[in-house]
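Examining the three-dimensional arrangement
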Amino acid sequence: MHLSTTLLASAMTMGVSAGTNYLGFNSGATLPDRSAKFKKNFVDEMKTAQGLVGAPGTFNTVRLYTNIQAYSQDDPIQAFEAAIETKTKLLLGIWASGTDNIDKEISALQKAVEKYGKEFTDLVIGMSIGSEDLYRDSVTSKENKGGVGNSPDAIVKFIGDYKKAFKDNALSEVPVGHVDTWDAWTNSSVKAVIDAVDWVGVDEYPFYEKGKGNSIENAPYLFEKAYSATVNAINGKPIWVTETGWPTTGPDWDDAKASVENAKYYWDEVGCRSLFNKVKFAITKDLSAEAPLFNLTCPKTFKTKPKSSSVVSSATGTATSTATGAVNGTVNGTATATGASKPTSTGGSGNSGSNGSNGSNGSGNNGGSNTGGGSGSSTTTPATASSTVVKGASSTVEKFSGAAYLALAVLAGSLSLL
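Conventions used here
- One numbering rule holds for all chains: residues counted from 1, following each sequence as written.
- Given that the model is predicted, a residue must reach a pLDDT of at least 70 before its local features are reported, and side-chain atom pairs must reach 80 or more before they are shown or counted; all residues, however, enter totals for whole chains, interfaces and linings.
- Side-chain measures here rest on the full set of heavy atoms in the structure, leaving out hydrogens and waters.
- Counting from the N terminus, the helices are DSSP H or I runs at least four residues long and the strands are E runs at least two residues long.
- Residue burial is assigned from relative accessible area. The probe radius is 1.4 Å, only protein chains are included, and a residue is buried under 20% of its type maximum, exposed over 50%, and partly exposed in between.
- The criterion used for residue contact is that any of the two residues' heavy atoms lie within 4.5 Å.
- In a helix, the anticipated span is given by 1.5 Å times the number of residues less one.
- Only buried Ala, Val, Leu, Ile, Met, Phe, Trp, Tyr and Cys residues count toward a nonpolar core, and they belong to the same one when joined by side-chain atoms within 4.5 Å.
- Structural elements are reduced to axes, namely lines fitted to C-alpha atoms, with helices fitted over the stretch in contact, and the angle between N-to-C directions of any two is expressed from 0 to 180 degrees.
- Angle categories: roughly parallel below 35 degrees, roughly antiparallel above 145, roughly perpendicular from 65 to 115, and oblique for all the rest.
- For any helix crossing, the convention is left-handed if the near helix is rotated counterclockwise from the far helix by under a right angle, and right-handed if that rotation is clockwise.

Concerning the environment of Ala108
Structurally, Ala108 can be placed in helix H3 (residues 103-116). Using a relative accessible area of 0% as the deciding quantity, one classes Ala108 as buried. Placed 42 residues apart in sequence, Ala108 and Thr66 show a C-alpha to C-alpha distance of 9.3 Å. Residues contacting Ala108, with those up to four places away along its chain left out, are Asn67, Ile68, Asp74, Asp75 and Pro76.

So, in structure tokens, the structure goes:
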């Protein structure tokens, strides 16, 4: 989606033992000025995330949008070395929009496996083939100038290409998924993608639900409604809530108003009530050493009264989740909600039309999934990326949430979370 500045948290459990929760943040390949990020930049982000004051856990997982170092052809992104140094888990990503192949992404990842071996592959907890490509390929996105996406057939092909390239590799057991907006998943045209993935990543932003009574007080209900619609559309596949949150600054969007107070309300009433610890979640605007913009501690009681049972609580199955969001500041991918104003960038890096100067072959992905909207406006928008994965009808619901946007609102500094 697209909010303009910031970061998110992510969480995931696929491929790991039951009961394991991951808290993390999203990180793009470039800085806010579109210059390339290098190992030191990634190390700084990772160390900041791991030391967040008041966070509901340790944020030691990062979600990437590409395997390619910004502005190179197919050199492995230096976030890999940073992750090895800081012992940070990785939710890998392959940029899949506006292209007919992912050869360079595969080449960069193969080089990384050969160069770093087990030190690298042991950190990988999941792979996302694309981010909001289906949304950007939709009629709605085209009307909102959401950027270039890709078709269901292309995403299915890329999933096959990835699996073929790594079938005899240490990464062959890593669960493969695709991230998109909740309304993209409910479109019957994407069934082939649902059938092809191990997990479904969903981005939900009540802030951008124009015409649906999107005031902050109604946000928890809009979130649950969208989540429920997604669950009903994906045939029992595990769900990872990859992006969600509320902007701290920026223009009003119908009944929704951006503010630190409202971001905290969303954190509490959606994150704490339905996702965290059942899931998990991250926080920050720019990963920095500064204090969060609001108290990250969850309240003991909540204002929102479920209209029925909580979607997240009632879902059965194994949950895995990851939050995606913009990592790096304003222009880099910012996680946002559908219809939000997003920064357009050359090559689209973050999710649906996010930004980031695409290095070669989309290497400059910078977080941010935009589902709609024109040139990015709102800046610090933290998102609580809550990830919840619900699989089939098993009994455990394990959630991870990433407070991406919320994170932005939370910290003020120079780092971005998943």
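What follows picks up the thread again.
As for helix H11 (residues 260-275)
Two residues of an α-helix separated by three or four positions point the same way, owing to the 3.6 residues in each turn. Between its first and last C-alpha, H11 extends only 20 Å over 16 residues, short of the 22 Å set by a 1.5 Å rise per residue. The element H11 is largely enclosed, with a buried count of 14 among its 16 residues.

Some details on the nonpolar core
Membership of the largest hydrophobic core comes to 79 residues, with the highest contact counts inside it found for Phe80, Leu90, Leu92, Leu109, Phe120 and Tyr162. Counting residues per element, this core draws most heavily on H11, which supplies seven residues. The residues contacting Leu92, other than those within four sequence positions of it, are Leu64, Asn67, Phe80, Leu109, Phe120, Val124, Gly126, Met127 and Ser128.

Let's talk about the packing of helix H10 (residues 219-233) against H11
Look at H10 against H11: their axes get within 9 Å of each other, and the N-to-C directions meet at 40°. For the element pair H10 / H11, the angle class is oblique. You can see that H10 and H11 cross each other, and the crossing is right-handed. Only Tyr266, Glu269, Val270, Arg273, Ser274 and Leu275 of H11 make contact with H10, whose side of the interface consists of Ala219, Pro220, Phe223 and Glu224.

Scope: geometric values only; no functional claims are made or implied.
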